[in-house]
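The chain contents come next:
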Amino acid sequence: MSNRMWGGRFASGPAEIMEEINASIGFDKRLAPQDIRGSLAHVAMLGAQGILPTDDVAAIEGGLKAVQAEIESGGFVFKRELEDIHMSVESRLTEIVGPAAGRLHTARSRNDQVATDMKLWVRDTLDNLDAQAAGLQRALAEKALAHAGTVMPGFTHLQSAQPVTFGHHCLAYVEMLARDRGRFRDARARLNECPLGAAALAGTSFPIDRHATAAALGFDRPTANSLDSVADRDFALESLSAASICAIHLSRFAEELVVWTSAQFDFVKLSDGYTTGSSIMPQKRNPDAAELVRAKSGRIVGALMGLLTVMKGLPLAYSKDMQEDKEGTFDALQALSLCLAAMTGMVRDLEPNAEVLARAAGSGYSTATDLADWLVRELGLPFRQAHHVTGRLVGMASAKGVGLEALSLPEMQEAEPQITQAVYAVLGVANSVASRVSFGGTAPANVRAQAEGWLARLAEPAA
Ligand code: ARG
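Cut-offs applied
- Residues numbered from 1 in each chain as written.
- Predicted model: local features only at pLDDT ≥ 70, side-chain atom pairs only at ≥ 80, totals over all residues.
- Heavy atoms only, no water.
- Near = heavy atom within 4 Å.
- Polar contact = N/O pair within 3.5 Å; in protein donor to acceptor, adjacent residues only side chain to side chain.
- Areas by Shrake-Rupley, 256 points an atom, 1.4 Å probe, with all protein chains shown as cover.
- Helix = DSSP H or I, 4+ residues; strand = E, 2+ residues; numbered from the N terminus.
- Nonpolar A, V, L, I, M, F, W, Y, C, P; charged D, E, K, R; others polar.
- Core = buried A, V, L, I, M, F, W, Y, C linked by side-chain atoms within 4.5 Å.
- Buried < 20%, exposed > 50% of the residue type's maximum accessible area, 1.4 Å probe, protein only.
- Contact = heavy atoms within 4.5 Å.
- Pairing = 2+ DSSP bridges.
- Arc of directions from axis to C-beta.
- Disulfide = S-S within 2.5 Å.
- Expected span 1.5 Å × (residues − 1).
- Axes fitted to C-alpha atoms, helices over the stretch in contact; angles between N-to-C directions.
- Parallel < 35°, antiparallel > 145°, perpendicular 65-115°, else oblique.
- Left-handed = near helix turned anticlockwise from the far one by under 90°.
- Salt bridge = Lys/Arg side-chain N within 4 Å of Asp/Glu carboxyl O.
- Patch = residues over 30% accessible without salt bridge, like charges linked within 9 Å, V, L, I, M, F, W, Y side chains within 5 Å.

Participant: Looking at this structure, I do not really get the site of the ligand. What am I missing?
Facilitator: Around the ligand, the neighbouring residues are Ser24, Asp28, Asp84, His86, Arg110, Asn111, Val114, Tyr318, Lys320, Gln323 and Lys326. Contact distances for the ligand include 3.4 Å between a nitrogen atom and a side-chain N or O atom of Arg110. Within the contact set of the ligand, a nitrogen atom lies 2.8 Å away from a side-chain nitrogen or oxygen of Asn111. Compared with its free state, where it exposes 340 Å², the ligand has 86% of that area covered by protein. The element that contributes the greatest number of residues to the shell around the ligand is helix α6 (residues 110-146), accounting for three residues. Looking at the shell around the ligand residue by residue, the classes come out as two nonpolar, four polar and five charged.

Participant: Would you explain the nonpolar core in this entry?
Facilitator: Burial of nonpolar side chains together is a common tendency in soluble globular proteins. Judged by nonpolar contacts, the single largest core of 93 residues is most densely connected at Leu140, Leu250, Leu257, Leu336, Leu340 and Met343. The greatest single-element share of this core, amounting to 14 residues, is contributed by helix α10 (residues 234-260). In contact with Leu336, other than residues within four places in its own chain, are Leu129, Phe184, Ala243, Cys246, Ala247, Leu250 and Ile300.

Participant: I keep staring at the pairing of strand β1 (residues 151-156) and nothing clicks. Help me out?
Facilitator: The side chains of a regular strand alternate, residue by residue, between the two faces of the sheet. Pairing between β1 and strand β2 (residues 159-165): six bridges, direction antiparallel. Along β2, the bridge assignment pairs Pro153 with Pro163. Counting the residues in the hairpin turn of β1 and β2 gives two residues, including His157, whose phi is positive at 60 degrees.

Participant: Got a minute to help me understand the environment of Ala358 in this structure?
Facilitator: Along the chain, Ala358 turns up in helix α13 (residues 354-362). Taking the C-alpha atoms as reference, Ala358 lies 22 Å from Ser438; in sequence the two are 80 residues apart.

Participant: What should I look at first to understand α13 in this one?
Facilitator: Every buried residue belonging to α13 is among Val356, Leu357, Ala360 and Ala361, and all of these are buried. Looking down the long axis of α13, one finds its buried residues gathered within 135 degrees of arc, a one-sided arrangement. Structural note: α13 exposes Glu355 and Arg359 on the side pointing more than 90 degrees away from its buried face. In this structure, the buried residues of α13 make contact with β1, β2, α7 (166-191), β6 (351-352) and α17 (429-435). One or two residues past the end of α13 sits Gly364, with phi positive at roughly 70 degrees.

Participant: Looking at this model, I keep getting lost on the state of the cysteines. Mind explaining?
Facilitator: Two cysteines whose sulfur atoms are joined by a covalent bond form what is called a disulfide. This model, assessed by the stated rule, comprises zero disulfides. Cys170 forms no disulfide, and the closest cysteine sulfur to it belongs to Cys246, at a distance of 16 Å. Unpaired in this structure, Cys339 has its nearest cysteine sulfur neighbour in Cys246, at a distance of 8.7 Å.

Participant: What exactly am I supposed to notice about helix α4 (residues 54-73) here?
Facilitator: An α-helical segment advances 3.6 residues per turn. Residues three or four places apart therefore align on the same side. The end-to-end C-alpha separation of α4 is 29 Å, in line with the 28 Å expected for 20 residues at 1.5 Å each. For α4, the set of buried residues is Asp56, Val57, Ile60, Gly63, Leu64, Val67, Glu70 and Ile71. Viewed along the axis of α4, the buried residues span an arc of 150 degrees, placing them on a single side of the element. With respect to the buried face of α4, the exposed residues turned more than 90 degrees away are Thr54, Asp55, Glu72 and Ser73. Contacts from the buried residues of α4 go to α3 (32-48) and α5 (85-97). Within two residues after α4, Gly74 carries a phi angle of roughly 85 degrees, on the positive side.

Participant: Sorry if this is basic, but what is going on with the packing of helix α11 (residues 288-311) against helix α12 (residues 325-349) here?
Facilitator: Each pair of packed helices can be described by the angle between their axes along with the distance between the axes. Here α11 crosses α12 at 155 degrees, and the two axes come no closer than 9 Å. Relative to α12, the element α11 lies roughly antiparallel. In terms of crossing hand, the pair formed by α11 and α12 is left-handed. Mapping the contact onto sequence places Ala289, Ala290, Val293, Lys296, Arg299, Ile300, Ala303 and Leu307 in α11 and Asp325, Gly328, Thr329, Asp331, Ala332, Ala335, Leu336, Leu338, Cys339, Ala342, Met343 and Met346 in α12.

Participant: So what exactly am I meant to see when it comes to the environment of Ser337 here?
Facilitator: Within the fold, Ser337 resides in helix α12. On the basis of relative accessibility, which here comes to 24%, the residue Ser337 falls in the partly exposed class. In this structure the C-alpha to C-alpha distance between Ser337 and Ala247, which are 90 residues apart in sequence, comes to 9.7 Å. For Ser337, the residues in contact, after removing those within four places along its chain, are Leu129 and Gln132.

Participant: What exactly am I supposed to notice about the pattern of salt bridges here?
Facilitator: Pairing is possible between side chains of opposite charge, provided their charged atoms come close. Per the stated rule, a full pass over the model turns up 23 salt bridges. One salt bridge connects Arg183 with Asp180, and the closest N-O pair in it is separated by 3.1 Å. Of the two residues, Arg183 and Asp180 are both situated in helix α7; the distance of three residues between them amounts to about one turn of the helix. The exposure class assigned to Asp180 is buried, which follows from its relative accessible area of 0%. Linking Arg285 and Asp272 is a salt bridge whose minimum nitrogen-to-oxygen distance equals 2.6 Å.

Participant: Mind showing me how you'd approach a nonpolar patch on the surface here?
Facilitator: A contiguous nonpolar surface patch, about 270 Å² in accessible area, is contributed by Leu201, Leu227 and Leu316. Among the secondary structure elements, Leu316 is positioned in the loop between α11 and α12. Taking the relative accessible area as the measure of exposure, Leu316 reaches 64% and is therefore exposed.

Given below as structure tokens:
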């Protein structure tokens, strides 16, 4: 039997394999709510414009709501021979309301329909991701406030660099997430034009009102070019790109958690709720959630690369290739949502190990820069010379296997005769972080103020 929707000129139905490669219902059924929403806006507009008689409009509206109820209750039977969600809904609508259902597709095509459905889905998802990212920012800012004065080693090249505070480290991710959220919002603002009514590619001869359907679906305006309307998947690419950057931020933090929870570092403790045991090694507390957050960035970036590659050679306007936008987009944005949720839980529960952090903060000659700065400030040495003197002192201490503070004053004076007892004050990590009061610096007072500022901003409804 040929296809009921488009099979007029076909004598027989598709080959089994044709049906299998062609069908998208297995994954686009999740667009059912968006598809029905779009159809309701479309049919209401057709009625208002006098394109469809009011009794047909009423029948179609009633039927669409019945289909929606069946889908929501799980009673709807999805069939592969109906290809996709658009034809599945319309087919069931026909069974419910009879021939009037055939008028719903007036002045529209599956090409503008699917673009509209996808935009609605991506838009809702971006809003949810934004809210979840805000939740993670809040959890991080709370940790930052609680640990504004907890010192830890700051690293460059993963070598001890200078002491920082744990709160400062948390707030670094709050800043990244703020930019991620900015990208979600930018993507949302740019996608918010409605393709519905572009029809197959050229527009339609029916007197439709695209402004009305755009407004009914919460879009800012209709898209301005019918070819672009059905050919554009930038909105998915841009959202995947924003999602990829966010996923990379989460992955970096996840990597830190993996390192920090190892016995060798022992910087933080994750809760039982976010660790797993080993079936053979009883001592283990594995940071599986962090590892999976780190790993899921792979499929998220992969989805972006996949869709970029799908799109790169496509002539205007619609090509069936574009059906391949869905699985990757659904999967990636869903994976990011899960990563944000897992990260928020981990951050809320985690406890920094303050003693270990303080000890580690002081090791590796992390206050060498403070010493050099002291030589500049107190003795008036040029920084390059101060750097050299400090280097000699680090060399002496390291040869003895001790910290800088363990060198005696006479030893210090071998490298620079003008050094006085006062130098020892700057060799402590607490003094070191407290002195970093420059804007954006790690001083506990700065961190406290920044954390409080973030928490106040995040408490505002639109933040
Ligand atoms: N399932 C299709 C997709 O996701 C819907 C659009 C099909 N359009 C067409 N002319 N065959 O892209």
